[in-house]
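Each chain, letter by letter, is given below.
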Amino acid sequence: MTSMSPSIVLPLEEMHLKNLPPGRQCCIVAPCSLAKQLDRQILSRGEQERLCRFRRKEDFDRYLTAHSLLRVILGQILGRCARDITFVDGEGNKPLLSDGSCHFNLSHSGDWVAIIVSLDGPVGIDVEQALPGKAQISPDLYAHPNDRFHPAAAGTDISRFFTAWTLKEAISKCDGRGLGIPFNEVRLEPDKGNTYRGFYDCRTWHASHWILDDGTHLAHAGEVPCSTLNIIVAG
């Protein structure tokens, strides 16, 4: 488990990601308060209709931040107008770009939104604000009997839970089946640094786990090892 300081903050207008080279991935973590800087008009008609159905401000801001920021980032990477980007549903209704030119995934929890983009294969991401109630989920639902963790992640039951949950959800989202994969059948094995390998159904995924200064857990996964991950905190 590696601590990531959110003190390196890039204003939205300084996020220039279009030179992301093949074989590298970029993760963007943003507070939901970024919603006030984002233009809802770049969303598709369907996205705008869904946005208008939210009654709570926090749900409205979370959705607007996640989906507008995703379009901004993909527009920069692909050199396209953000509102013209179109998506299709892949396996497990995982959103994909209609032309398959770039892979991405998004997640949100509490005050945070996380997005990962890759030019080198499918990816998955999960962010979990460490609220005590969620850690009460029974280990029978998420723990494999042979799960192993880096020492820093194995100190407490809560730490093991959020580490396991974020890694396994990132793996399942990379796969495309999401919660269709039983988390208690995914086995985790620590690798170098803060990385892990996940095993399920004769397949292997490569994943990393981070923790923000406020205790929020973040994990990403891919089908190939990620040699370099750029993490940007949008402000």
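Every value quoted in this text rests on a predicted model; they were computed, and no experiment measured them.

1. What to know about the overall build of the protein chain
Along its length, the protein chain carries three helices and 13 strands. In the protein chain, the share of contacts with a sequence separation of at least 24, taken over all contacts with a separation of at least 6, comes to 62%. Roughly 11100 Å² of accessible area belongs to the protein chain as shown, and the carbon and sulfur atoms make up 51% of that amount.

2. A word on the packing of aromatic side chains
Evaluation of the coordinates by the stated rule reveals eight aromatic pairs. Centroid distance Phe 87 to Phe 104: 5.4 Å. Interplanar angle 65 degrees. Geometry classified as edge-to-face. Taken together, the residues Phe 87 in strand β4 (residues 87–89) and Phe 104 in strand β6 (residues 103–109) connect sequence positions 17 residues apart. Residue class for Phe 104 comes out buried when judged on its relative accessible area of 5%.

3. Quick word on unusual backbone geometry
One non-glycine residue, Asp 201, lies in the positive phi region at around 55 degrees. Structurally, the position occupied by Asp 201 is in the loop between β10 (195–200) and β11 (203–212). For Asp 201, a relative accessible area of 48% corresponds to the partly exposed category.

4. Brief notes about the nonpolar core
Tyr 142, Phe 149, Leu 167, Ile 171, Leu 188, Tyr 196 and Ala 221 are the most contacted members of the largest nonpolar core, which totals 21 residues. Contributions of two or more residues to this core are made by α3 (157–175), β10, β11 and β12 (217–222). Per element, the largest residue contribution to this core is eight residues, and it comes from α3. Residues within four places of Ala 221 in sequence aside, it is in contact with Pro 122, Val 123, Gly 124, Ala 170, Ile 171, Cys 174, His 206 and Ala 207. Core analysis: the next-biggest nonpolar cluster, separate from the first, contains 20 residues, Cys 26, Leu 34, Cys 102 and Val 117 among them.

5. Topic: the pattern of salt bridges
According to the stated counting rule, one finds 16 salt bridges in the structure shown. Among the salt bridges present, the one from Glu 47 reaches Arg 71, with a minimum N-O distance of 2.9 Å. One end of the pair, Glu 47, is in helix α1 (residues 45–52); the other, Arg 71, is in helix α2 (residues 57–78), with 24 residues separating them in the sequence. Between Arg 197 and Asp 191 there is a salt bridge whose closest N-O contact spans 4.0 Å.

6. With respect to the side chain of Asp 126
By secondary structure assignment, the location of Asp 126 is in strand β8 (residues 123–128). Comment: no salt bridge for buried Asp 126; closest opposite-charge side chain is Lys 173, at 4.9 Å. At a separation of 3.2 Å, a polar atom in the side chain of Asp 126 contacts the side chain of Ser 107. If we ignore the near neighbours within four places in the chain, the residues touching Asp 126 are Ser 107, Trp 165, Thr 166, Glu 169, Ala 170, His 217, Leu 218 and Ala 219.

7. Regarding the packing of α1 against α2
It is at 9 Å that the axes of α1 and α2 come closest, and there the two elements cross at 165 degrees. In this view, α1 runs roughly antiparallel relative to α2, as classed from their interaxial angle. The two elements α1 and α2 meet at a crossing, and its hand is left-handed. In contact with Glu 47, Arg 50 and Leu 51 of α1, α2 contributes Phe 60, Tyr 63, Leu 64, His 67 and Arg 71. Class assignment of the residues belonging to the contact of α1 with α2 gives a composition of four nonpolar, one polar and three charged.

8. Section: the environment of Trp 112
Counting through the fold element by element, Trp 112 comes out in strand β7 (residues 112–118). Between the alpha carbons of Trp 112 and Glu 128 there is a distance of 8.2 Å; along the sequence they are 16 residues apart. Every residue in contact with Trp 112, bar those within four places of it in the chain, is listed here: Val 29, Ala 30, Pro 31, Cys 32, Ser 107, Val 127, Gln 129, Leu 212, Asp 214, Thr 216 and Val 233. Here the side chain of Trp 112 touches Thr 216 through a polar contact of 3.5 Å, side chain to side chain.

About the cut-offs
- Residues numbered from 1 in each chain as written.
- Predicted model: local features only at pLDDT ≥ 70, side-chain atom pairs only at ≥ 80, totals over all residues.
- Heavy atoms only, no water.
- Helix = DSSP H or I, 4+ residues; strand = E, 2+ residues; numbered from the N terminus.
- Contact = heavy atoms within 4.5 Å.
- Areas by Shrake-Rupley, 256 points an atom, 1.4 Å probe, with all protein chains shown as cover.
- Phe/Tyr/Trp six-rings, centres within 6.5 Å; stacked < 30°, edge-to-face > 60°.
- Buried < 20%, exposed > 50% of the residue type's maximum accessible area, 1.4 Å probe, protein only.
- Core = buried A, V, L, I, M, F, W, Y, C linked by side-chain atoms within 4.5 Å.
- Salt bridge = Lys/Arg side-chain N within 4 Å of Asp/Glu carboxyl O.
- Lys, Arg positive; Asp, Glu negative; His and termini not counted.
- Polar contact = N/O pair within 3.5 Å; in protein donor to acceptor, adjacent residues only side chain to side chain.
- Axes fitted to C-alpha atoms, helices over the stretch in contact; angles between N-to-C directions.
- Parallel < 35°, antiparallel > 145°, perpendicular 65-115°, else oblique.
- Left-handed = near helix turned anticlockwise from the far one by under 90°.
- Nonpolar A, V, L, I, M, F, W, Y, C, P; charged D, E, K, R; others polar.

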